[in-house]
Amino acid sequence: MQSPVKVALVGLRKRSIQALVGIFKQRYQGRFVLGMPAAAPVAIFNMDCTNAGQVWRTFRRKHPDTRIVVIAREPPLLDDVDYVPVPLSVSALEAALERAVAAGKPAPRTRQSVTATRHTKTSRTGKRPAAGRSLATRPGVANERPAINQDVYFQPGDYLFGRLRYALSSNPGKAVRLRGSNFLIAADASHCKIFANFPLSRLASVAASQPGSEAGNEEVTVLEHLDRKAPLPDAGDVHEHPLDRFMWELAAATANGRVTEGTPLDAPVYLRRWPNFTRVAPPDDAMRIAAVWVQQPRSLLNLYETLKVPIENIFTLYTAAETIGLAGLARRESDTLIAPSVVNPSPYGNLVNAVLSRFVRADKADAAA
Amino acid sequence: MNAPASRHRRIVFTGPDDSTATCAIATISDARVTRDSCDVATVDTALRLQLDHGVLHLQQAGEIHLYATPPDTPVDTVTEFVQTSGMGLIVLLDNKRPYPLRDMHFYLHSFQAYIAETSVAVGLCNLNTSDTYSIDDYQAELISLGLHVPVFETDVTDKRDVVLLVEALLLSTEVRKTLVHV
C-alpha cells in the first residue's frame, strides 16, 4: 500500500478544509492527508480566495518546490499548472493530485497576474468543464429539465401567507392580529405560538384565498401584548398551534407546487437539517428529497434531476422549509466547493419503496376508518 | 457494502430507557413482540443475546426484523449480530433525563462502526414536556460529528411517529449507500 501523501490546503476557509479532509478520508481512503505547507509535497491552492495574488506569491516564495493543484471557478492565467474547476469533481481532483505526486517537479513560477482569469466560454450560463458536470449531463442520462415558466412562481403578498410573514417580520418582538372575512389569527412570535379561529384542517382553504378577493382586505393590528387567555376577542373556538408548524403548513398550502417570486432555481440552496416531520406534515416525496438534500446544498433543478420526483414537490418543500428558516440560498464557500453527488442504483432494490408504500396504504386505511 | 439478504434485514432500536425501544417496535410490528435468544459468534467467544423482536411483513419485498436492545446489552455483541444484515439504528432518547445529549453521544459512539455502514435516526421523547434541549441542540451536536440524520420528536406509542422514523432511517441508509461524489 502506498504511503499517504500530505497535501496542504491554501486559501480555503475552515469549513472547506473540513469538507476536503472528509473527501480525503472517505473517498481517497487515506491516500491523501492534510499536511502543513512546510511538510507537504503537494498543495491545493484556492485561486478564488481573498488577495489570491498576494497569497500565491507568498506561498511560492516560502515553498518553491511544492507541486500545486489550482482550484478556481475560472481557469487561472498560469501556464503549466494543474487546474480543477470549482465545484470540484472529486475524481478530477484525485487525478490532479496523483499527477502532482507523479510529476515530482516544482510548479512554474510566473510573474503573470495570477488572479486574472482566462476569457473562456466557461460561465454561469455556459457549459461547465466535464469534471464539474451534473447527473443530467452524464453520458447516458438524459437531460430532463422541466419547462419552467412564470406559473412556478407566486407573489407571497397576494396571499395570507405573505401578509402574515410580512406582519411578523416588520414587527419583531410584537404580536400581530390579522382579521379577514373568513379567519381571525393572532401570532405571537416571541412565544412561538399562533391562535386561529379555525383548525389546521381548514388551513388549505384559508391559504388559497384568491388574489384580489381576500388578500389586501385583511385588517392587521400590531399588539404590544397578547392576552394569551383571550387572544382572539369575538372568536368562538380558538385553536392554538406552534408558530413553526402553522407557518410550515400555511407555506406548503400556499405554494402548492410553486416557489416565491425571485427564488433562484439554478443556484445551490441548503437544507440546514431534517425538518421535524412528525410535527410538520411532510409534502409528497419530502422524506426522499430531504434525505439527499440535507447532505449537501444543491439547486432545486439539480434535486429534480437527481431524484426524478415531481418538481412541484421539491418547490413545495423548499417554500415550507425556507419559511421556518431551515432552507435558503447557499452562500458559504464550502457550500459550493464540491460538485453535487449523484445517485447510484439502490442496493435495496424496491425494499424502501415497499416499506413506504405499505405505510402509505396503512395511513390511507386509517384515514378512511 | 452489499445489500443484506431479505430474511436478514434488521433495524435496531436502542436507548437508555428499558421499555421505550420495545414499545416502539411493538407499535409497528406485524407480529407480537417476543424476547428472543440470538446466538452471536464473535472472534473468540460465542454469546447468547436477549433481544426483543418484532417484524414488518412487506409482501413481495420480504420482511424487516426489528430488534430492541435492553440497556444492559453489550453493544459490541449487538453490533456483531447486525453487522452484515443491518439497515440502521434508531436511538430513542428521553429529553427529561438529566443528560440526554450525553446519552446520545454514548449510543453514537457505541454503535459507531454500525452507523458508519448504515445510518442512524434519532427519536426524541418528552420533547414538549421538557425545556432542556430543543431539536436544534441535538442536530447541532450531530452535525458537528458530520451526521446529517433525521431527528424527530417521537411518541413511541404513536404508530405514525414510529413509522416516520423508520422511513427516514431507511431513506438515510439508502442515500448513504447510493450517493457518490463524481
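Residues numbered from 1 in each chain as written. Chains lettered and ligands numbered in written order. Predicted model: local features only at pLDDT ≥ 70, side-chain atom pairs only at ≥ 80, totals over all residues. Heavy atoms only, no water.

**Here's the deal with the overall build of chain B**
Thought 1: Looking only at helices and strands, one finds 6 helices and 8 strands in chain B.
Thought 2: Beginning at the N terminus, the succession of helices and strands in chain B can be written as β-α-β-β-β-α-β-α-α-β-α-β-α-β.
Thought 3: A compact globule built from 182 residues should have a C-alpha radius of gyration of about 16 Å, and chain B, at 16 Å, falls within 12% of that.
Thought 4: Principal axes of the C-alpha set define a box for chain B whose edges measure 45 × 40 × 40 Å.
Thought 5: Counting every position in chain B, which comprises 182 residues, the buried fraction comes to 55%.
Thought 6: Long-range pairs, those at least 24 residues apart, make up 69% of the contacts in chain B between residues at least 6 apart in sequence.
Thought 7: Summed over its atoms, the accessible surface of chain B is roughly 7,800 Å², and 47% of this surface lies on carbon and sulfur atoms. (Helix = DSSP H or I, 4+ residues; strand = E, 2+ residues; numbered from the N terminus. Rg over C-alpha atoms; globule rule 2.2 N^0.38 Å. Buried < 20%, exposed > 50% of the residue type's maximum accessible area, 1.4 Å probe, protein only. Contact = heavy atoms within 4.5 Å. Areas by Shrake-Rupley, 256 points an atom, 1.4 Å probe, with all protein chains shown as cover.)

**Regarding the interface of chain B and chain A**
Interfaces are often sized by the accessible area lost when the parts come together.
Thought 1: Across the contact, 43 residues belong to chain B and 43 residues belong to chain A.
Thought 2: Carbon and sulfur atoms make up 64% of the surface buried where chain B meets chain A, a total of about 4,000 Å² over both sides.
Thought 3: Contact with chain A buries surface across chain B, with B:Leu171, B:His181 and B:Val182 losing the most and accounting together for 19% of the total.
Thought 4: Counting the contacts that link chain B with chain A gives 5 salt bridges.
Thought 5: Across the pair B:Asp161 and A:Arg279 runs a salt bridge whose closest N-O atoms are separated by 3.0 Å.
Thought 6: Of all the elements, helix α6 (residues 159-178) of chain B adds the most residues to the side of chain B that touches chain A, at 14 residues.
Thought 7: Class assignment for the residues of the side of chain B that touches chain A results in 23 nonpolar, 10 polar and 10 charged.
Thought 8: Sheet analysis places strand β15 (residues 342-343) of chain A next to strand β8 (residues 179-180) of chain B, joined by 2 bridges and oriented antiparallel. Directly across from A:Val343, in β8(B), lies its bridge partner B:Leu179. (Buried area = accessible area lost by both parts, 1.4 Å probe. Salt bridge = Lys/Arg side-chain N within 4 Å of Asp/Glu carboxyl O. Nonpolar A, V, L, I, M, F, W, Y, C, P; charged D, E, K, R; others polar. Pairing = 2+ DSSP bridges.)

**Section: the layout of surface pockets**
Thought 1: A volume near 2,300 Å³ is recorded for the largest pocket.
Thought 2: Lining the largest pocket are 50 residues, with A:Gln26, A:Gln295, B:Gly146, B:Leu147 and B:His148 positioned closest to its centre.
Thought 3: For the lining of the largest pocket, the secondary-structure elements that each account for two or more residues are α1 (14-26) and β13 (269-271) of chain A together with α3 (100-110), α4 (112-117), α5 (135-144), α6 and β8 of chain B.
Thought 4: Counting residues per element, the lining of the largest pocket draws most heavily on α1(A), which supplies 8 residues.
Thought 5: No fewer than three residues from each of domain 1 (5-103) and domain 3 (257-368) of chain A sit in the lining of the largest pocket. (1 Å grid on protein atoms, 1.4 Å probe; cavity = no way out; pocket = protein on both sides within 12 Å on 5 of 7 lines; lining within 4 Å. Points joined across faces, edges and corners; volume = space filled by probe spheres on them. Domains from an automatic or database assignment.)

**As for the domain arrangement of chain A**
Residues and elements named next belong to chain A.
Thought 1: What the domain assignment lists for chain A is domain 1 (5-103), domain 2 (153-252) and domain 3 (257-368).
Thought 2: For domain 1 and domain 3, the distance between their C-alpha centres works out to 32 Å.
Thought 3: Taken residue by residue, the interface counts 15 residues in domain 1 and 7 residues in domain 3.
Thought 4: When domain 1 packs against domain 3, close to 910 Å² is buried across both sides, 58% of that on carbon and sulfur atoms.
Thought 5: Taken together, the links from domain 1 to domain 3 amount to 0 salt bridges.
Thought 6: Summed over the shared surface of domain 1 and domain 3, the number is 7 residue pairs in polar contact (both at pLDDT 80 or more).
Thought 7: A total of 4 residues in the side of domain 1 that touches domain 3 trace back to one element, the largest contributor, which is α1. (Polar contact = N/O pair within 3.5 Å; in protein donor to acceptor, adjacent residues only side chain to side chain.)

**Here we look at the sheet that holds strand β5 (residues 82-85) of chain A**
Strand pairing in a sheet relies on backbone hydrogen bonds, with the paired strands running either antiparallel or parallel.
Residue and element names in this part refer to chain A.
Thought 1: If you trace the 5 strands from one edge of the open sheet to the other, you get β2-β1-β3-β4-β5, paired in parallel fashion. The open sheet is flanked by β2 (32-34) and β5, the only strands paired with a single partner. Averaged over neighbouring strand pairs, the angle between their axes works out to 30° when direction is ignored.
Thought 2: Sheet strands in contact with α1 are β1 (5-10), β2 and β3 (42-46), and its direction is about 150° off that of β2.
Thought 3: The strands touched by helix α2 (residues 52-62) are β1, β3 and β4 (67-72); relative to β3, the strand with the most contacts, the crossing angle is about 165°. (Axes fitted to C-alpha atoms, helices over the stretch in contact; angles between N-to-C directions.)

**Things to note about unusual backbone geometry**
Only a minority of non-glycine residues have a phi that is not negative, and only a minority of peptide bonds are not trans.
All names here are of chain A.
Thought 1: Note the cis peptide between Val-86 and Pro-87, where omega equals 0°.
Thought 2: On the secondary structure map, Pro-87 appears in the loop between β5 and α3 (90-103).
Thought 3: Of note in this structure, Gln-29 is not a glycine but carries a positive phi near 50°.
Thought 4: Here Gln-29 is to be found in the loop between α1 and β2.
Thought 5: Its relative accessible area of 62% is what places Gln-29 among the exposed residues.

**Section: the pattern of salt bridges**
Where charged atoms from two side chains of opposite charge approach closely, those side chains can pair.
Thought 1: Across all of its chains, the model carries 13 salt bridges over all chains by this definition.
Thought 2: Linking A:Arg165 and A:Glu322 is a salt bridge whose minimum nitrogen-to-oxygen distance equals 2.9 Å. Of this pair, A:Arg165 sits in helix α4 (residues 160-169) while A:Glu322 sits in helix α9 (residues 311-323), and the two are 157 residues apart along the sequence.
Thought 3: The exposure class assigned to A:Glu322 is partly exposed, which follows from its relative accessible area of 25%.
Thought 4: The salt bridge partner of B:Asp103 is B:Arg97, with a shortest N-O separation of 2.7 Å.
Thought 5: Through salt bridges that share partners, A:Arg272, A:Arg273 and B:Asp136 make up one connected network.

**Observations concerning the sheet that holds strand β11 (residues 239-242) of chain A**
All names here are of chain A.
Thought 1: The 5 strands are arranged β10-β7-β8-β9-β11 in an open sheet whose pairing can be described as antiparallel. For this open sheet the edge positions go to β10 (219-223) and β11, each flanked by a neighbour on one side alone. Strand-to-strand twist across the sheet, computed as the mean angle between neighbouring axes with direction ignored, equals 20°.
Thought 2: Bridge count for strand β7 (residues 175-179) against β10 is 5 bridges, and the pairing is antiparallel. For Leu-178, the partnering residue across the bridge sits in β10 and is Val-220.
Thought 3: Across the sheet, α4 touches β7, β8 (184-188), β9 (193-196) and β10, and the angle it forms with β7 is around 150°.
Thought 4: Sitting on the sheet, helix α6 (residues 243-255) is in contact with β8, β9 and β11, with an inclination near 90° to β11.

**Digging into the nonpolar core**
Thought 1: Counting 97 residues, the largest nonpolar core has A:Leu164, A:Phe246, A:Phe277, B:Ile11, B:Phe13 and B:Ile64 as its most contacted members.
Thought 2: The element best represented in this core is α6(B), accounting for 10 residues.
Thought 3: Residue assignment places this core across two domains, with domain 2 (153-252) and domain 3 (257-368) of chain A each supplying three or more.
Thought 4: With residues near it in sequence (within four places) discarded, B:Ile11 still touches B:Ile64, B:His65, B:Leu66, B:Tyr67, B:Met87, B:Gly88, B:Ile90, B:Val166, B:Leu169 and B:Leu170.
Thought 5: Counting residues in hydrophobic clusters, the runner-up holds 29 residues, among them B:Tyr107, B:Tyr114, B:Val120 and B:Leu127. (Core = buried A, V, L, I, M, F, W, Y, C linked by side-chain atoms within 4.5 Å.)

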